[in-house]
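Summary of the model geometry
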Amino acid sequence: IASAAKAGCEYFVIDAGWYAEAHEDWSQTIGAWQPTASRWLHGLKFVLDRIRQSGMIPGLWLEPEVAGAKSVLAQKPNNWFLVRHGKRMLKNSRFLLDFRNPEVRAYLNEVIARLVNDYGVGYIKMDYNVDSLQGTELNADSFGQGLLEHDRAHLEWLESLLIRYPGLVIENCGSGGGRMDYAMLSRLQIQSMTDQENYLKLPGILVGASAAVLPEQLAIWSYPLAKADADQASFNLVTAMMCRIHQSGRLDTISASALLQVTNGIRIYKDLIREYIPQSVPFYPLGMPDMTNRNAPVALGMRAPDWTALAVWRLEGADTVELPMEAANAEIAYPVDLGIELGTVKGKLSVRFPRTKMACILRL
């Protein structure tokens, strides 16, 4: 918590499992949304209060649309759940709640009220690790009718939350982009782009996703690993800085050089980039990337009135990346201390990276 606050983070979100006993399979007991004494020796609120005292807003992971097969919630009657051919739908060890049932919505309203009012949660990472498939037969003439009515009831529930808690941020995690659509994003503020753990694949995914989601809603993970060096840490940050930063990783244990890149990246993002993102439109100077080609560089630009930035990633290809644009007034905004150089090739802008797997952001 202290390291995240020092690095400049503004929210601190505790991920899945906060409600589970130590060493428990949390996916099968999901649904009660109560912290356990074995995991929180001083209570969950103690930790959330510490987050707020550190100047950050506390958040929790939630998957409200389901009940684990071994949860107390699974003991509810069948009209709480989506049902097909007389049986509850089971997906990833979870039963799917039916939001047409007012008792379901009332129960989840109590959960949200407890987290926001009693625990001071200001951010919910709302996940969805299932698939509602064809829908439900209960109180419907077809599976499709049941699914449509359930989906509409779910969206109305989300709208009601943001009316009651206007300061609450709800992230559409959706299993790392599995439910990334504007039925959800016309209600919720932020989209988690992907759960991809190989940071070298993220630039290509980002470029594609930027064509589908507004940059001010698109959140990208930056997670330097335990042994990450400055190149790896800055590569992570460059990817995240073009939209919304989801900073992760153990910032209290990474090397000093990696932590410096994280801190500098977050500072530059706040000072030079973030205010322009809501007015930005993406552009693609190298086109859409081929995810199978590790030798080809990747580039993504963001253009707002009176402001343009360009991210360039070198994967495993040539040290110089040539860009089909004028070089005048270009400058490196981040990172400025790793030996990356700007130049020209036939009057066009080029970026030279001294090592593979590096990235930078340019101001144009």
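As the structure is a prediction and not an experimental result, all values here were calculated from the model.

1. Some remarks on the overall build of the chain
Broken down by element type, the chain carries nine helices and 20 strands. Its C-alpha atoms give the chain a radius of gyration of 22 Å, near enough to 21 Å, the size a compact globule of 364 residues would have. Projected onto its principal axes, the C-alpha coordinates of the chain cover approximately 70 × 50 × 35 Å. By residue count, 50% of the 364 residues in the chain fall in the buried class. Considering only contacts in the chain between residues 6 or more positions apart, those separated by 24 or more positions represent 67%.

2. Thoughts on the pairing of strand E19 (residues 348–352)
Alignment of strand E16 (residues 320–326) against E19, held across four bridges, turns out to be antiparallel. Residue pairing across strands places Val321 opposite Val351, the latter belonging to E19. Between strand E18 (residues 341–345) and the antiparallel strand that follows it, E19, lie two residues; Lys346 among them carries a positive phi value of about 55 degrees.

3. Remarks on helix H3 (residues 102–118)
Between its first and last C-alpha atoms H3 spans 23 Å; for 17 residues at 1.5 Å apiece the expected length is 24 Å, and the two agree. Restricting attention to buried positions, one finds in H3 the residues Val104, Tyr107, Leu108, Val111, Ile112, Arg114, Leu115 and Val116. Its buried side turned inward, H3 meets strand E2 (57–62), strand E8 (123–126) and helix H4 (143–164). N-cap assignment for H3: the residue whose side-chain oxygen lies 2.8 Å from the backbone N of Glu103 is Asn101.

4. Some points on the sheet that holds strand E20 (residues 358–363)
As summarised here, the arrangement of the five strands in space is E13-E14-E15-E20-E17, forming an open sheet in which the pairing is antiparallel. Pairing within the sheet leaves two strands with one partner each, and these edge strands are strand E13 (281–283) and strand E17 (331–334). Taking each pair of neighbouring strands and ignoring which way they run, the sheet shows an average axis angle of 30 degrees. Examined bridge by bridge, strand E14 (residues 298–304) and strand E15 (residues 307–314) share seven bridges and lie antiparallel to one another. By the bridge assignment for E15, Gly301 is matched with Leu310. Lying on the sheet, helix H9 (residues 256–273) is in contact with E15, E17 and E20; it crosses E17 at an angle near 115 degrees.

5. Quick notes on the nonpolar core
Membership of the largest hydrophobic core comes to 97 residues, with the highest contact counts inside it found for Ile14, Trp18, Trp33, Leu206, Trp313 and Ile361. Tallying contributions element by element places H3 first for this core, with seven residues. The contacts of Leu206, once residues within four sequence positions are left out, are Met193, Leu218, Ile220, Thr239, Met242, Cys243, Leu300 and Trp313. Counting 18 residues, the second-largest nonpolar core is a separate cluster that includes Ala299, Met325, Leu338 and Leu349.

6. Comments concerning the layout of surface pockets
By volume, the largest pocket is sized at about 930 Å³. As for the largest pocket, its lining consists of 34 residues, and the residues nearest its centre are Cys9, Tyr11, Ile245, His246 and Gln247. When contributions to the lining of the largest pocket are tallied by element, the ones reaching two or more residues are helix H1 (2–7), strand E1 (11–14), E8, strand E9 (169–172), strand E12 (244–247) and H9. Its residues assigned to classes, the lining of the largest pocket shows 18 nonpolar, six polar and ten charged.

7. Thoughts on the packing of H3 against H4
Orientation of H3 relative to H4, taken along the N-to-C sense of each, is 30 degrees, at an axis distance of 12 Å. Relative to H4, the element H3 lies roughly parallel. Considering how the two elements wind past one another, H3 and H4 form a crossing that is right-handed. Here Arg105, Leu108, Asn109 and Ile112 of H3 come into contact with H4, specifically with Ala153, Trp157, Leu161 and Arg164. Residues that form the contact of H3 with H4 fall into these classes: five nonpolar, one polar and two charged.

8. Looking at the packing of aromatic side chains
Tallying each qualifying case throughout the model produces twelve aromatic pairs. An angle of 75 degrees between the planes, with centres 5.0 Å apart, marks the rings of Tyr19 and Trp33 as edge-to-face. One end of the pair, Tyr19, is in the loop between E1 and helix H2 (44–53); the other, Trp33, is in the loop between E1 and H2, and 14 residues separate them in sequence. Tyr19 sits in the buried class, given a relative accessible area of 6%. Judged by relative accessible area, Trp33 falls into the buried class, the value being 1%. Through a chain of ring-to-ring contacts, the aromatic side chains of Trp18, Tyr19, Trp26, Trp33 and Trp61 assemble into a single cluster. Geometry around Tyr128 places Arg179 over its ring, the cationic atom sitting 3.6 Å from the centre.

Here is what the cut-offs are and how they apply
Residues numbered from 1 in each chain as written. Predicted model: local features only at pLDDT ≥ 70, side-chain atom pairs only at ≥ 80, totals over all residues. Heavy atoms only, no water. Helix = DSSP H or I, 4+ residues; strand = E, 2+ residues; numbered from the N terminus. Rg over C-alpha atoms; globule rule 2.2 N^0.38 Å. Buried < 20%, exposed > 50% of the residue type's maximum accessible area, 1.4 Å probe, protein only. Contact = heavy atoms within 4.5 Å. Pairing = 2+ DSSP bridges. Expected span 1.5 Å × (residues − 1). Polar contact = N/O pair within 3.5 Å; in protein donor to acceptor, adjacent residues only side chain to side chain. Axes fitted to C-alpha atoms, helices over the stretch in contact; angles between N-to-C directions. Core = buried A, V, L, I, M, F, W, Y, C linked by side-chain atoms within 4.5 Å. 1 Å grid on protein atoms, 1.4 Å probe; cavity = no way out; pocket = protein on both sides within 12 Å on 5 of 7 lines; lining within 4 Å. Points joined across faces, edges and corners; volume = space filled by probe spheres on them. Nonpolar A, V, L, I, M, F, W, Y, C, P; charged D, E, K, R; others polar. Parallel < 35°, antiparallel > 145°, perpendicular 65-115°, else oblique. Left-handed = near helix turned anticlockwise from the far one by under 90°. Phe/Tyr/Trp six-rings, centres within 6.5 Å; stacked < 30°, edge-to-face > 60°. Lys NZ or Arg CZ within 6 Å of the ring centre and 35° of its normal.

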